[in-house]
Amino acid sequence: PHAALARLIEESAKLGAAMVVSDFDLSPDRADAPGDPALLNLLATYKPEWPPLLLARKISFTRGEGEEEFVARDAATTPYDEAVNGKANIRWITTLNDIGGDRQVRRVRMWQSVCVGADGTAFPSAVLMAAALLYPEDRRETELEAFLKSRADADCRNAPEVPLDWPKFQDRAITVPY
């Protein structure tokens, strides 16, 4: 299926998509499993002028101190990480959401921090990335990076939350109205 995903991504980029989002788990079943050659090649040769490509990062959780609380334990690596490193237009995102007691998605997470000791990374959602990147006349890459750093600092290092001007709504999850 990863070769088919490579074809879909390439066609979308060539046909002028504004952004390409993949919600496929790219982490392997075995740590030593190689990546699909077609997807590895596409990611390694993904052109700088092509649209932003957002790839879902699998995040594992463990039960926290409270019965219903879960804490992000780690972000899975993939055989594609090296091919993606250093490419400004390919980003890892979270596709997590909050599911209500009725198993319906009620809230979408805007970011998810994964802390390893005092270090950590805040992965943005596709929604947050779209808000930052889809409007050429009002790109917010610098603000996005500052926001994600502030979230990782607050979540992983217990740093005081820094008030930022962007994004307008800074809740961890936003409600899906319906």
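Cut-offs and rules
- Residues numbered from 1 in each chain as written.
- Predicted model: local features only at pLDDT ≥ 70, side-chain atom pairs only at ≥ 80, totals over all residues.
- Heavy atoms only, no water.
- Helix = DSSP H or I, 4+ residues; strand = E, 2+ residues; numbered from the N terminus.
- Polar contact = N/O pair within 3.5 Å; in protein donor to acceptor, adjacent residues only side chain to side chain.
- Pairing = 2+ DSSP bridges.
- Axes fitted to C-alpha atoms, helices over the stretch in contact; angles between N-to-C directions.
- Contact = heavy atoms within 4.5 Å.
- Salt bridge = Lys/Arg side-chain N within 4 Å of Asp/Glu carboxyl O.
- Buried < 20%, exposed > 50% of the residue type's maximum accessible area, 1.4 Å probe, protein only.
- 1 Å grid on protein atoms, 1.4 Å probe; cavity = no way out; pocket = protein on both sides within 12 Å on 5 of 7 lines; lining within 4 Å.
- Points joined across faces, edges and corners; volume = space filled by probe spheres on them.
- Nonpolar A, V, L, I, M, F, W, Y, C, P; charged D, E, K, R; others polar.
- Phe/Tyr/Trp six-rings, centres within 6.5 Å; stacked < 30°, edge-to-face > 60°.

1. Comments concerning the side chain of Ser-125
Reasoning step 1: Mapped onto the elements, Ser-125 comes out in the loop between strand S9 (119-124) and helix H4 (126-133).
Reasoning step 2: A distance of 3.0 Å separates a polar atom in the side chain of Ser-125 from the backbone nitrogen of Leu-128.

2. Quick notes on the sheet that holds strand S2 (residues 53-56)
Reasoning step 1: Across the sheet, three strands lie side by side as S1-S2-S5; this open sheet has parallel pairing. The outermost strands of the open sheet, each flanked by one partner alone, are strand S1 (20-22) and strand S5 (90-93). Averaged over all neighbouring strand pairs, the angle between strand axes comes to 20 degrees, with direction disregarded.
Reasoning step 2: Both S1 and S2 contribute to a ladder of three bridges, which runs parallel. Bridged to Val-20 within S2 is Leu-53.
Reasoning step 3: Taken strand by strand, H4 contacts S1, S2 and S5, and its axis lies near 145 degrees from that of S5.

3. Looking at the pattern of salt bridges
Reasoning step 1: Summed over all chains, the structure comprises eleven salt bridges.
Reasoning step 2: Measuring nitrogen to oxygen at the nearest pair gives 3.1 Å for the salt bridge that ties Lys-14 to Glu-10. With Lys-14 and Glu-10 both in helix H1 (residues 2-14), this residue pair falls four residues apart, about one helical turn.
Reasoning step 3: For Lys-14, a relative accessible area of 52% translates into the label exposed.
Reasoning step 4: Through salt bridges with shared partners, a single ionic network connects Asp-138, Arg-140 and Glu-143.

4. Description of the sheet that holds strand S6 (residues 97-99)
Reasoning step 1: Strand order in the open sheet formed by three strands is S6-S7-S10, and the pairing between neighbours is antiparallel. The open sheet terminates on both sides in strands that have one partner only, identified here as S6 and strand S10 (173-175). Between one strand and the next, the sheet's axes are offset by a mean angle of 30 degrees, whatever the strand orientation.

5. What about the layout of surface pockets?
Reasoning step 1: Of the voids in this model, the second largest pocket is the one considered here, and its volume is about 160 Å³.
Reasoning step 2: As for the second largest pocket, its lining consists of Asp-25, Ser-27, Pro-28, Asp-29, Ala-31, Ala-33, Lys-58, Ala-76, Thr-77, Thr-78 and Pro-79.
Reasoning step 3: Across the lining of the second largest pocket, the residue classes break down as five nonpolar, three polar and three charged.

6. Some details on the packing of aromatic side chains
Reasoning step 1: In the structure shown here, the tally under the stated rule is two aromatic pairs.
Reasoning step 2: Centroid distance Tyr-46 to Trp-50: 5.0 Å. Interplanar angle 80 degrees. Geometry classified as edge-to-face.
Reasoning step 3: For Tyr-46, a relative accessible area of 2% corresponds to the buried category.
Reasoning step 4: Among the residues examined, Trp-50 registers a relative accessible area of 12% and is labelled buried.
Reasoning step 5: With 5.3 Å between their ring centres and 90 degrees between their planes, Trp-111 and Phe-147 make a pair best called edge-to-face. Of the two residues, Trp-111 is situated in strand S8 (residues 111-116) and Phe-147 in helix H5 (residues 141-157); the sequence distance between them amounts to 36 residues.

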